[in-house]
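Summary of the model geometry
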Amino acid sequence: MNTPVLQIQNLRKTFADFTAVDTLNFQVEEGSFFSILGPSGCGKTTLLRMIAGFLEPSSGTLLIRGKDMTTTPPNRRPVNLVFQNLALFPMMNVHENIAFGLRRQGLAGREIGQKVEAMLERVHLSGFGKKNISQLSGGQKQRVAIARSLVLEPSLLLLDEPLGALDLKLREQMKIELKKLQEEVGTTFMYITHDQSEALVMSDQVAVMNKGTFEQIDTPRNLYSNPATSFVAGFVGETNILPVQVASRRPLQVATSFGLQLHATAGIDLNDSDSLALYIRPESIILEPSDSMKHINRFLLTVQNILFDGSNTKLLATIAESDHEFTVALPQNQQFAHIAKGDHIQAGVHPESCRCFVR
Ligand SMILES: Nc1ncnc2c1ncn2[C@@H]1O[C@H](COP(=O)(O)OP(=O)(O)OP(=O)(O)O)[C@@H](O)[C@H]1O
Ligand SMILES: [Mg+2]
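Residues numbered from 1 in each chain as written. Chains lettered and ligands numbered in written order. Predicted model: local features only at pLDDT ≥ 70, side-chain atom pairs only at ≥ 80, totals over all residues. Heavy atoms only, no water.

1. So, the overall build of the protein
Across its full length, the protein carries eight helices and 21 strands. C-alpha atoms of the protein, sized along the principal axes, occupy 75 × 45 × 40 Å. Looking at the protein as a whole, 48% of its 359 residues qualify as buried. Within the protein, residue pairs in contact and separated by at least 24 positions form 65% of the contacts whose partners lie at least 6 positions apart. Accessible surface computed for the protein: about 17,800 Å², of which carbon and sulfur atoms make up 49%. (Helix = DSSP H or I, 4+ residues; strand = E, 2+ residues; numbered from the N terminus. Buried < 20%, exposed > 50% of the residue type's maximum accessible area, 1.4 Å probe, protein only. Contact = heavy atoms within 4.5 Å. Areas by Shrake-Rupley, 256 points an atom, 1.4 Å probe, with all protein chains shown as cover.)

Laid out in structure tokens, this is it:
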């Protein structure tokens, strides 16, 4: 196997008595799109700044392409960082912005010109070289910022919430463009975000970060369908959460406070006294399951509202005999077009889709 582009060993950063990054161990494979997903304040930027060399770790080591770079200054690391605020030079045009780093490296003018033109083409901005930064749209500025880093051919491109300042529609567009770009250039991207949809859509691997540590590093699909911890299950994707207790152990059955019993699965051995949270994805609910469906949990829902949103339409319901809210993704066929507010409707869910975690 090839040497990973980045290897992090026991990396820690403390500020006075506060631990911002807590003993991380992981590696990033060459050519991959690796994201770090976590809520505000969990330590993402701190980690990235240590990798870029702007912040000294309190302990631990950091290897880039197998070389120890823990104490190497930022300008000697084969790493570039794209900031959230982009930090473009407003007094320079697009071409000059992209050429800046190459000039500092002392490249000849002709070579610089060729590299900048090739890069402009890559990010679909051919012909924009003479424009001023102020004449560009948000998405175009974004692409200039990325081009300016990529043109230096780093081993690793670090991106700290680079789509943060864009409006929703543009973010949707840019995340697809960024993924395509990464695939075309083959540079390893390490991408920080608190937006789970960005992380899931773009990444080969996602590390879910919480309070300075990684709770799970996995493919987007596994994070979604096999969350390792309650935090991951709650943070990645939409989910219904029910407080439950163990009712029986083999097979596992859990009970809600309002008396609903469900067959469920858990990644670990549970104790009878554990307070549990049961996670059920909205799309795992089967509406009006046929009688022939075996081994599924069945319960009654009362429809409170229909949240129409095209292909993303949902039912907001309560579980019968309770006022516990429950969201159900509505399948995209006409079969359920008759459902209306106030209806009682049979619902089913497989035990594998009912995942328990200790609260
Ligand atoms: N120089 C510093 N001195 C003291 N505390 C700091 C310093 N830098 C960061 N912190 C603290 O470390 C924690 C992690 O900060 P960090 O900027 O890494 O979070 P983040 O995950 O990037 O959050 P966001 O998504 O909001 O950007 C925060 O609680 C922050 O207050
Ligand atoms: Mg940050």
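Next comes the rest of the write-up.
2. Regarding the site of ligand 1
Residues in contact with ligand 1, as listed here, are Phe 15, Phe 18, Ala 20, Pro 39, Ser 40, Gly 41, Cys 42, Gly 43, Lys 44, Thr 45, Thr 46 and Glu 161. Going through the elements one at a time, β2 (18-28) and α1 (44-52) are the ones with two or more residues in the shell around ligand 1. Per element, the largest residue contribution to the shell around ligand 1 is three residues, and it comes from α1. (Near = heavy atom within 4 Å.)

3. Focus: helix α3 (residues 109-122)
Structural remark: α-helix, 3.6 residues per turn; residues separated by three or four positions point the same way. An ideal rise of 1.5 Å per residue puts 20 Å on 14 residues; α3 measures up with 20 Å between its terminal C-alpha atoms. Within α3, burial applies to Ile 112, Val 116, Met 119 and Leu 120. In a view along the axis of α3, the buried residues occupy a sector of 100 degrees, so they form one face of it. Across α3 from its buried face, at more than 90 degrees, point the exposed residues Arg 110 and Glu 121. In this structure, the buried residues of α3 make contact with α2 (94-104) and α4 (138-150). Of the residues one or two after α3, His 124 is the one with positive phi, at around 60 degrees. (Expected span 1.5 Å × (residues − 1). Arc of directions from axis to C-beta.)

4. Digging into the nonpolar core
Grouped together as the largest cluster of nonpolar side chains are 33 residues, with contacts concentrated most on Ile 98, Val 144 and Ile 146. Breaking this core down by element, the ones donating at least two residues are α2, α3, α4, β7 (156-160), α5 (168-185) and β8 (188-193). Looking at this core, the element that brings in the most residues is α4, giving five residues. Setting aside its immediate chain neighbours within four residues, Ile 146 contacts Val 82, Leu 157, Leu 159, Leu 178 and Leu 181. Ranked by size, the runner-up nonpolar core spans 30 residues in total, among them Leu 260, Ile 280, Val 328 and Cys 356. (Core = buried A, V, L, I, M, F, W, Y, C linked by side-chain atoms within 4.5 Å.)

5. What to know about the pattern of salt bridges
Across all of its chains, the model carries ten salt bridges by this definition. Glu 177 is the salt-bridge partner of Arg 143, the closest N and O atoms lying 3.8 Å from each other. Here the residue Arg 143 occupies a position in helix α4, and Glu 177 occupies one in helix α5, the gap between them amounting to 34 residues. Residue class for Glu 177 comes out partly exposed when judged on its relative accessible area of 25%. Lys 179 is the salt-bridge partner of Glu 183, the closest N and O atoms lying 3.6 Å from each other. Taken together, the residues Glu 183 and Lys 179, both in helix α5 and four residues apart, mark about one turn of the helix. According to the relative accessible area criterion, Glu 183 is exposed, its value standing at 53%. Salt bridges sharing common partners tie together Arg 171, Asp 195 and Glu 198. (Salt bridge = Lys/Arg side-chain N within 4 Å of Asp/Glu carboxyl O.)

6. Thoughts on the pairing of strand β18 (residues 314-319)
As a general feature of sheets, a regular strand has side chains that alternate between the two faces. With six of six residues buried, β18 is to be regarded as a mostly interior element. Where burial is concerned, the two faces of β18 agree: the one with Lys 314, Leu 316 and Thr 318 and the one with Leu 315, Ala 317 and Ile 319 are both buried. Relative to β18, strand β17 (residues 297-307) runs antiparallel, the two sharing six bridges. The partner of Val 303 across the bridge, within β18, is Ala 317. Between the end of β17 and the start of β18, which pair antiparallel, lie six residues, with Gly 310 showing a positive phi angle near 55 degrees. (Pairing = 2+ DSSP bridges.)

7. Remarks on the state of the cysteines
Covalent bonding between the sulfur atoms of two cysteines is what defines a disulfide. Evaluation of the coordinates by the stated rule reveals zero disulfides. The thiol of Cys 354 is not disulfide-bonded; the next cysteine sulfur, from Cys 356, is found 8.0 Å away. For Cys 354, a relative accessible area of 0% puts it in the buried group. (Disulfide = S-S within 2.5 Å.)

8. Regarding the environment of Ser 275
Positionally, Ser 275 belongs in strand β15 (residues 275-280). Considering only alpha carbons, one finds Ser 275 and Val 244, 31 residues apart in sequence, at a separation of 6.5 Å. With near-sequence residues (within four places) excluded, Ser 275 lies in contact with Val 244, Gln 245, Phe 357, Val 358 and Arg 359.

9. Here we look at the sheet that holds β18
The strand order across the open sheet built from five strands is β16-β20-β17-β18-β19, with neighbouring strands paired in antiparallel fashion. Every other strand in the sheet has two partners, leaving β16 (286-287) and β19 (325-329) as the edge strands with one partner each.

10. Quick look at the sheet that holds strand β6 (residues 79-82)
Strands sit in the order β6-β7-β8-β3-β9-β10 across an open sheet of six strands; the sheet is mixed. The open sheet terminates on both sides in strands that have one partner only, identified here as β6 and β10 (213-218). The sheet shows a mean angle of 20 degrees between the axes of neighbouring strands, direction not considered. Sheet topology places β7 next to β8; five bridges connect them, and they run parallel. Residue pairing in the sheet places Leu 158 in a bridge with Met 190 of β8. Across the sheet, α4 is in contact with β6, β7 and β8; its angle to β6 comes to roughly 170 degrees. In this fold α5 packs onto β3 (33-37) and β8, with an angle of close to 160 degrees to the strand it touches most, β8. (Axes fitted to C-alpha atoms, helices over the stretch in contact; angles between N-to-C directions.)

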